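Descriptive analysis of the structure
Listed below are the residues making up each chain.
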Amino acid sequence: MSAHEAVPVSLAEIARIAGVGRAAVSNWRRRHDSFPTRIGGTDVSPQFSLAEVEQWLRDNGKLRDIGGRELLWPRFEALGSRNESGLAIAAAARRMRSPRARTAPPELSAQARDLVAETARVGRKEGPREVFEFLLQRWLETHVRQLSTTPPQLAALMARIALAVRLGPAQDGLTLLDPACGTGHLAAAAVREYDRPGLEVLACERDLALAALAAARLEFLAEDHDIRTHIVSADALRDDPFAGSKADIALCNPPFNERDWGYAELATDQRWTHGLPPRTEPELAWVQHLLSHLKPGGTAVIVLPPAVASRKAGRRIRGSLLRTGALRAVVSLPPGSAQPHSVSLQLWILRVAPDGSAATPPSQDALLVDATRFARPGTREPSPDWDSLGSYVLTAMAALDQPDQEPPQGAVRVPLLDLLDDEVDVTPGRYTTATAEPSRKELAGKWDEFGSLLTDLADHATRLSALDFEAGTPQTTTTVGDLVKAGALTLRAGQQPPESAAPAGGAAVPLLTIADLLHDGTPSGTVPTGSAPAVAEEGDVVVAGVARAFKAWVHQGPPTALGPQLYLLRVDAEKLEPHFLAGCLCAPANGRQAGTHASSSSRVDIRRLQVLQLPLEKQTVYAETFRRLRTFEELLTAAGGSGKELVSDMSDRLAAGGLPA
């Protein structure tokens, strides 16, 4: 206990350790005189002694299901230094994997060395890989402003593109290069995506702590995959540790906008076969560095800021990349795909011609793909629809070397003659905005579909307008909370699963979140079966408990796990009809009355929502009307979307002179 008596923890950290919400910790503090006293911080953000908090939680039986890893992180954070905490986590990973590895980096303090030893003991009890992944994730979250990482979904997509576009037969044994590997997100994705034995990973990172963490991550992956790794801490541009080595595929998310990248000292470097990168274009140095390391037929995928595609300073190099066939495709990603999240980053797909090929590319064009439309609107932070994005981009890549295969809408083959102008701008949106005009037959089909929607809409409107609402005394109501107490239904709250709960090939169920509802209502993630506290099954009522997305509906389809601020109501079929309950709950006035604040971001207190008190047979009548009202709403939305699309198509045809003379 004495080893971490001075380690401070906040209320939020205590909530994490105990596996409860912060409000519960605040209640403990108010209700229990024995709760530890504040040792620092402020009245608004108090801090407490980790040792005292741990003892209090144990004495009060609140640590029964919590592992030791939760108690470790505050001590890593208390080391103060990002580098030391990162190196300590990497050293602990080595110790957990090999108990005989007693040595630790000499730069670690005595406090950090003690923590490494204790982490190894926890890891042997709770699982080395699980403890390492937990600590790594917390470290990345804590230092998110100082680090630029590649999201796992983007890393997987880049690996799939590289493996699909590489020329040559499928083979056992492949070499991967990542010259700016960070904590190893791209290399780890490639290991998971490559389904053959014998992968060799060459990676370097100039930040010592990041390189150590990347090495630790890949060492754990090596337990399940046939890989060899060589990860070093070095500046790949100034001091290339793999000079002369060639790779089959290369993945890279390099640092952006760095002026001090070695322009002067590398002016005569042999890697610049397409021209010396201007001082203001370090990204084009990384592009040529990757090309210099590719085998014939090898492919590289690199993340770049959008300005690289059009900046005047880089036009000569872009022109050379196009003329030689090295730059095969450019993909514009939706905002939120990676840091910086507000920017629509790009993927450049590079490839070296196979042995025996002519210097000119086999196809005199480049594939430009605008995938920015796969953003998920309505969320505070931009976030792509990864499933749709990945499927679309891979479909577009399938057309790369197939001249007879038409790319999907939003992707276009652009002849080199059109690209090699004074600007040499390879921004996809510049060439993909003009989509093909709909044919006369397609327009007629859209009008037929619109007319059918209007017919159905009019039928429902006639039936709903004929309802005779009585102006008698209001019906009595009850609340969800009272129905729960009476046993008429059970209430469960959804939660965000921890990162460590991500499924790794086992059985999984879809995960629905508020962000999904604000987009299109399709679950965007998955969680392992049995790991979620609230899983909606067919016939359950689901309620979104936040004002900006407030709604209630009867779940249809496969079991679905619910994320934060989503609630599951499972009815007793002898007391409640699900569609009746959902219809009562989703009334806008009901949501406003149960809201906690006036703002759109406020919570809705589910237990305060009102429900009519009616016998079951009467509920059935109401349920049918609620169903018809929901169908009317869906038809209205569909008709609106179809009508807007028709207006857009007709406007394009008219502006192009589509009327007969």
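Preceding this paragraph is the structure being described.
A brief look at the structure comes next. (Residues numbered from 1 in each chain as written. Predicted model: local features only at pLDDT ≥ 70, side-chain atom pairs only at ≥ 80, totals over all residues. Heavy atoms only, no water.)

**Structural notes on the nonpolar core**
- Counting residues in hydrophobic clusters, the biggest one holds 50 residues, and the most contacted among them are I161, L251, V331, L347, I349, V393 and M397.
- Top contributing element to this core by residue count: helix α8 (residues 152-165), with eight residues.
- Sequence-distant contacts of L347, that is, excluding residues within four places in its chain, are made with L154, M158, I161, V301, I302, V303, A329, V330, V331 and L333. (Core = buried A, V, L, I, M, F, W, Y, C linked by side-chain atoms within 4.5 Å. Buried < 20%, exposed > 50% of the residue type's maximum accessible area, 1.4 Å probe, protein only. Helix = DSSP H or I, 4+ residues; strand = E, 2+ residues; numbered from the N terminus. Contact = heavy atoms within 4.5 Å.)

**Quick look at the environment of G41**
- On the secondary structure map, G41 appears in strand β2 (residues 40-41).
- Taking relative accessible area as the criterion, G41 reaches 45% and is therefore assigned partly exposed.

**Examining unusual backbone geometry**
- The omega torsion of the bond from Q339 to P340 falls at -5 degrees, within 30 degrees of zero and hence cis.
- Turning to its location among the elements, P340 is positioned in the loop between β9 (327-332) and β10 (346-351).
- At Q565, a position not held by glycine, the phi torsion is positive, near 70 degrees.
- Tracing the sequence through the fold places Q565 in the loop between β20 (560-562) and β21 (566-571).

**Topic: the sheet that holds β21**
- Read across the sheet, four strands follow the order β14-β21-β18-β19 without closing on themselves; strand pairing throughout is antiparallel. Sheet topology places β14 (489-493) and β19 (551-554) at the edges, where each strand pairs with a single neighbour. Strand-to-strand twist in this sheet, taken as the mean axis angle between neighbours without regard to direction, amounts to 20 degrees.
- Across four bridges, strand β18 (residues 541-544) lies against β19 in antiparallel orientation. The residue bridging V541 from the neighbouring strand is V554, located in β19.
- On top of the sheet, helix α19 (residues 578-585) reaches β14, β18, β19 and β21; it is set at about 170 degrees to β19, its chief contact. (Pairing = 2+ DSSP bridges. Axes fitted to C-alpha atoms, helices over the stretch in contact; angles between N-to-C directions.)

**Observations regarding the pairing of β10**
- Among the six residues that make up β10, six are buried, leaving the element largely enclosed by the rest of the structure.
- Of the two faces of β10, the one carrying Q346, W348 and L350 and the one carrying L347, I349 and R351 are both buried.
- In this structure, strand β8 (residues 294-304) lies alongside β10, joined through six bridges in antiparallel fashion. When the sheet's bridge partners are listed, I302 is paired in β10 with W348.
- Here β9 runs beside β10; their pairing, made up of five bridges, is antiparallel. Bridge assignment links V331 to a residue of β10, and that residue is L347.

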